[in-house]
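# Architecture and fold: a report
One-letter residues, chain by chain:
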Amino acid sequence: MKRLGIRLVTLVLVVFASSALAFVFLELAPGDFLSDAQLHPQISEAALRDLRSRYGLDQPVIEKYATWLASVARGDWGQSFARGLPVFPLVTERGVRTLLLAGAAQVIAWILALLLAWAAVQRPGGWVDRIAQIVNRLLLSLPEIVIALLVILGLTRWGGAVSPATAALLALVVAVTPALAAQTRAALLRASAEPFVDAARSRALPRRLLFTRYLLPAAAPALLSLAGLSVGGLLSSSLLIECVTAYPGLGPLLLEAVFARDALVVVGAVFLSTILWAAASFLADLAQWSSDPRLREPR
């Protein structure tokens, strides 16, 4: 339990450190939301100074961050400069869509990874296993943006018009499954060499029973650890693929806010995505702690 407490504190610190870094990087970037307004001949310098003061753009970065933290503590994530809307409902609406996309992709990817690992355990080096490893290596060598573009091209070529949600889901599944399948295969092959699994295999149990009752429980700690580690990659992949496929999640909102220099939307999107990552990581840690008695032993 102490280990989980330390992990939770660490994740909370990471969440707030990410928001602080977002403020620092925005401060280091040239210009701000009102930079383009300087080019407008009808806007005076006095009006610009007044607007910068109203938006808090003239404050030092430490003061900006302290003001934002106090506002977040009150449940107010600030206002979007470009949209004139509260940041919290803006980013949470997009965040729910990103969470749904990433969750659906995670479920499908795990099903595919377990099916491929099942084939590998039954016949290591068999033709199904060999083909799966070749395809895995090929997909792992491709950048995620290339995978997304190939998925869009294939869907439009053979299926005509396709929704951004379908394209984003398929691209994300194709992008995250290879690494997940490779790690799952390795974990299950290691578990299949455990002495108690060999003893169960010698009793001529049905393959499905052997897999569900012995192999999966033996590999559960490694698989749960893998689930926690894969969350960060899944979310980053999701944000990129959303931008390519025009899926209305956090990715396009963050990209638009960066180009518009809409600072509080950028910080809010980074803050929320880090919260989602931290929550998923902690749940994976909790599941791993529950499934592995060794982690519950006092040290």
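See the structure above.
Below, the structure is looked at part by part. These numbers were taken from a predicted model, which means no experiment stands behind them.

## What to know about helix H10 (residues 250-260)
Quick reminder: α-helices carry 3.6 residues per turn. Residues three or four places apart thus point the same way. Among the residues of H10, Leu 250, Gly 251, Pro 252, Leu 253 and Ala 257 are the ones counted as buried. Buried positions along H10 lie against helix H4 (87-122), helix H9 (207-245) and helix H11 (263-291). Where H10 ends, the next residue or the one after it, Arg 261, has phi of about 55°, a positive value.

## Structural notes on unusual backbone geometry
Its identity as a non-glycine residue notwithstanding, Ala 246 has a phi of 65°, on the positive side. Within the fold, Ala 246 resides in the loop between H9 and H10. One non-glycine residue with positive phi stands out, namely Arg 261, at about 55°. Overall, Arg 261 belongs to the partly exposed group, its relative accessible area being 33%.

## Brief notes about the layout of surface pockets
Size it by volume and the largest pocket reaches roughly 650 Å³. Surrounding the largest pocket, 28 residues form its lining, Leu 57, Lys 64, Phe 81, Ala 263 and Leu 264 being those nearest its centre. Broken down by element, the lining of the largest pocket gets its largest block of residues, four residues, from helix H3 (residues 61-73). When grouped by side-chain class, the residues that make up the lining of the largest pocket number 14 nonpolar, seven polar and seven charged.

## Remarks on the packing of aromatic side chains
Scanning the entire structure with this criterion turns up eight aromatic pairs. With 5.9 Å between their ring centres and 20° between their planes, Tyr 65 and Trp 68 make a pair best called stacked. Taken together, the residues Tyr 65 and Trp 68, both in helix H3 and three residues apart, mark about one turn of the helix. Judged by its relative accessible area of 17%, Tyr 65 is buried. You can call Trp 68 buried: its relative accessible area is 3%. Taken together, a centroid distance of 4.9 Å and an interplanar angle of 85° make the contact between Trp 118 and Phe 211 edge-to-face. With Trp 118 in helix H4 and Phe 211 in helix H9, the pair connects residues that are 93 residues apart, well separated along the chain. Judged by relative accessible area, Trp 118 falls into the partly exposed class, the value being 26%.

## Focus on the environment of Val 231
Among the structural elements, Val 231 can be located in helix H9. The spatial distance from the C-alpha of Val 231 to the C-alpha of Ile 275 is 12 Å, given a sequence separation of 44 residues. Beyond its immediate stretch of four places on either side in the chain, Val 231 contacts Trp 277, Ala 280 and Ser 281.

Here is what the cut-offs are and how they apply
- Residues numbered from 1 in each chain as written.
- Predicted model: local features only at pLDDT ≥ 70, side-chain atom pairs only at ≥ 80, totals over all residues.
- Heavy atoms only, no water.
- Buried < 20%, exposed > 50% of the residue type's maximum accessible area, 1.4 Å probe, protein only.
- Helix = DSSP H or I, 4+ residues; strand = E, 2+ residues; numbered from the N terminus.
- Contact = heavy atoms within 4.5 Å.
- 1 Å grid on protein atoms, 1.4 Å probe; cavity = no way out; pocket = protein on both sides within 12 Å on 5 of 7 lines; lining within 4 Å.
- Points joined across faces, edges and corners; volume = space filled by probe spheres on them.
- Nonpolar A, V, L, I, M, F, W, Y, C, P; charged D, E, K, R; others polar.
- Phe/Tyr/Trp six-rings, centres within 6.5 Å; stacked < 30°, edge-to-face > 60°.

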